[in-house]
Each structure stands twice: as C-alpha cells, then as structure tokens.
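# Understanding the architecture of this molecule
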Amino acid sequence: MGTSIIIAIDGYSSSGKSSMARQLAAEIGYRYIDSGAMYRAVTLYAMRHNMINSDGSVVTELLIPALPSIHIDFSVNGDGTQSTMLNGENVEREIRSLDVSGHVSQVAAVPAVRHALVAMQKDMGTGKGIVMDGRDIGTTVFPEAEMKVFVTASPEERARRRLAELQAKGVEATYEEILENVTQRDHIDRTRAESPLRQADDAVLLDNTTMTLEQQNQFLLNLYNKITRK
Ligand code: DC
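These notes cover the structure that comes with them. (Residues numbered from 1 in each chain as written. Predicted model: local features only at pLDDT ≥ 70, side-chain atom pairs only at ≥ 80, totals over all residues. Heavy atoms only, no water.)

Here we take up the side chain of T152. Mapped onto the secondary structure, T152 falls in strand β7 (residues 147-152). Residue T152 is classed as buried on the basis of its relative accessible area, which comes to 16%. Setting aside anything within four residues of it in sequence, one finds T152 in contact with Y12, S15, L205, L206, D207, N208 and T209. (Helix = DSSP H or I, 4+ residues; strand = E, 2+ residues; numbered from the N terminus. Buried < 20%, exposed > 50% of the residue type's maximum accessible area, 1.4 Å probe, protein only. Contact = heavy atoms within 4.5 Å.)

Have a look at this one:
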C-alpha cells in the first residue's frame with residue numbers, strides 16, 4: 001500500500017463528477033465528500049429561515065451571524081451511500097430539489113459562507129485518503145492535492161443527465177428549465193468574485209460528453225495508479 005493522497009475533482013454542475021468521485025473513493029477505499037451538498041444544505045437553511053429575498057438575493061445580515069449554528073455532516077447508510085445531515089436532520093432529498101438548485105449559486109457566492117465551508121472542508125482532509133468534489137477544491141480548499149481533475153461536458157449533455165437524475169427520483173421538471181438552470185449556474189459560478197470556478201493549472205482536464213461512466217471510472221483509476229505508483 002502506498003501513502004494516502006488527496007484527490008480534488010472540480011467541474012461544472014451535472015458533469016457527473018459526483019458519481020465519478022464516489023465510485024473512485026469506493027474503489028480505492030477513500031472517504032468521499034460532496035462539497036456541493038454542503039453549499040446546498042446552507043441554502044436550505046437560508047430558505048427555511050427566510051434569508052432569501054424574492055429576487056433570489058441573500059439576506060447576508062441574517063445568514064452570516066447564523067453560520068456558527070449551521071452544522072453539516074454526512075452519515076453513512078447501510079448500503080454505503082451517504083446522507084447529508086443539517087443540524088442532525090437528514091436533508092439529502094430536499095437539498096437536491098430544483099428550488100434549492102435555483103438558489104444555491106447565490107448563497108455559494110457569499111464570501112463568509114465560502115470561508116466557513118472551506119475551513120470545514122480543510123479539516124476533513126487532514127488525514128488525507130479523501131476524494132472531494134466541487135468547484136474550488138483543487139484551487140482553494142486543497143491547492144496541494146496530489147491528484148486534481150477538472151471535469152466538463154456540453155451544457156446540453158449535462159441538462160439531459162440532470163433531467164434523467166430528477167426523473168429517476170420522481171421530481172417533475174422540463175429539459176428547458178433544467179438547461180436554463182445549468183447555464184445560469186455556470187455563469188454565476190464562473191463569474192463570482194470569491195474563488196470562481198476555474199481549472200487549476202495542475203489539474204487534468206476530462207471532457208466526458210461522449211464517455212460512458214465505465215470509461216470515466218477507468219480514466220480516474222489509471223490516473224490514481226500513475227500518481228501513487230512510485
Ligand atoms: O455540485 P452541486 O451542483 O451540488 O453544487 C451546488 C452549488 O454549490 C453550485 O451551484 C456551486 C456551489 N459550489 C461551490 O461554489 N463550491 C463548491 N466547492 C461546491 C459547490
């Protein structure tokens with residue numbers, strides 16, 4: 001066994017990076033952390049406490065002082081899947097709703113929210129042996145990560161995947177509204193002032209528009225083996 005490393009997987013929304021990251025973690029016996037779920041949980045908290053205006057803007061005067069009372073962790077289910085816990089409540093299903101998806105980019109753009117979550121994420125990586133996916137993992141959370149991948153796919157393909165994912169969960173949505181949500185989130189994520197979505201200079205680019213899940217998993221595993229084989 002080689003030494004444990006940190007693996008950062010960043011990329012666009014619905015690029016399939018979570019599935020890939022989860023699969024890789026299971027395969028190599030690492031802990032998987034979905035950082036997007038943490039931003040979604042804070043968003044759900046803000047929505048429930050009327051901290052989001054009708055135009056989608058965030059009432060930062062209320063949200064920032066509340067941050068210390070927002071506790072997020074992950075519980076591992078019997079089948080190996082994880083559930084996101086918000087102050088002890090399982091919110092895994094609720095944080096995937098279109099409502100939360102529609103507000104999360106604006107919450108994730110609040111610098112104080114990012115500072116609080118990045119600090120939590122850095123803590124989670126102290127023992128290494130971790131795969132974390134998100135937008136700024138290779139650039140801000142773990143700039144020292146030994147393995148960095150930046151995942152992308154066309155917006156249309158990502159909207160199709162997201163639609164299939166929601167339909168499988170019984171959530172009603174149209175392709176058009178999802179494509180709009182995907183495009184809008186890309187724009188906000190790329191243009192925010194605080195750690196915008198961008199490929200780290202030392203990240204490997206993976207465009208999976210025409211790749212199968214199996215091919216992506218193999219790609220990651222090969223890269224992991226190459227990096228850890230000394
Ligand atoms: O990966 P996801 O779609 O669940 O992420 C939800 C939102 O959270 C996304 O719009 C961008 C934001 N996010 C972020 O800003 N930084 C991260 N490390 C992860 C997610």
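Here the narrative resumes.
We now examine the site of the ligand. As a matter of local geometry, the ligand sits amid 16 residues, with R40, R114, D136, R185 and R192 nearest to it. With respect to the ligand, the side chain of S35 contributes an N or O atom lying 3.0 Å from a nitrogen atom. Residue R185 places a side-chain N or O atom 2.9 Å away from an oxygen atom belonging to the ligand. Burial of the ligand by the protein amounts to 96% of the accessible area it has alone, namely 450 Å². Elements represented by at least two residues in the shell around the ligand include exactly α2 (35-48), α4 (98-108) and α8 (175-191). Ranked by the residues each element gives to the shell around the ligand, the list is headed by α2, at four residues. The residue makeup of the shell around the ligand, split by class, is four nonpolar, four polar and eight charged. (Near = heavy atom within 4 Å. Polar contact = N/O pair within 3.5 Å; in protein donor to acceptor, adjacent residues only side chain to side chain. Areas by Shrake-Rupley, 256 points an atom, 1.4 Å probe, with all protein chains shown as cover. Nonpolar A, V, L, I, M, F, W, Y, C, P; charged D, E, K, R; others polar.)

Reading across the sheet, the three strands line up as β3-β4-β5 and stay open at both edges, with antiparallel pairing between neighbours. Both edges of this open sheet fall to β3 (72-76) and β5 (89-90), since each of them pairs with a single strand only. Docked against the sheet, α2 engages β3, β4 (82-86) and β5, running at close to 40 degrees with respect to β4. (Pairing = 2+ DSSP bridges. Axes fitted to C-alpha atoms, helices over the stretch in contact; angles between N-to-C directions.)

This part covers the sheet that holds strand β8 (residues 204-207). Strand order in the open sheet formed by five strands is β2-β6-β1-β7-β8, and the pairing between neighbours is parallel. Either end of the sheet is taken by a strand with one partner, and the two such strands are β2 (31-34) and β8. Across the sheet, the axes of successive neighbouring strands diverge by a mean angle of 20 degrees, strand direction being ignored. Pairing analysis gives four bridges linking β2 to strand β6 (residues 130-134), with the strands arranged parallel. Counterpart to I33 in the pairing with β6 is M132. In this fold helix α9 (residues 213-228) packs onto β1 (6-11), β7 and β8, with an angle of close to 160 degrees to the strand it touches most, β7.

By size, the foremost hydrophobic cluster in this structure holds 38 residues, and its most contacted members are V42, L63, I70, I72, V113 and M132. At the level of secondary structure, the elements contributing two or more residues to this core comprise β1, α2, α3 (60-66), β3, α4, α5 (111-124), β6 and α6 (137-141). Residue contributions to this core peak at eight residues, all from α2. What M132 contacts, discounting residues up to four positions off in sequence, is I7, A8, I9, I33, S35, Q121, M124, I137, V141 and F142. Listed in part, the 19 residues of the second largest apolar core include I5, M20, V149 and Y224. (Core = buried A, V, L, I, M, F, W, Y, C linked by side-chain atoms within 4.5 Å.)

On the secondary structure map, G88 appears in the loop between β4 and β5. For G88, a relative accessible area of 66% puts it in the exposed group. Distance from G88 to E144, taken between C-alpha atoms, is 32 Å for residues 56 residues apart in sequence.

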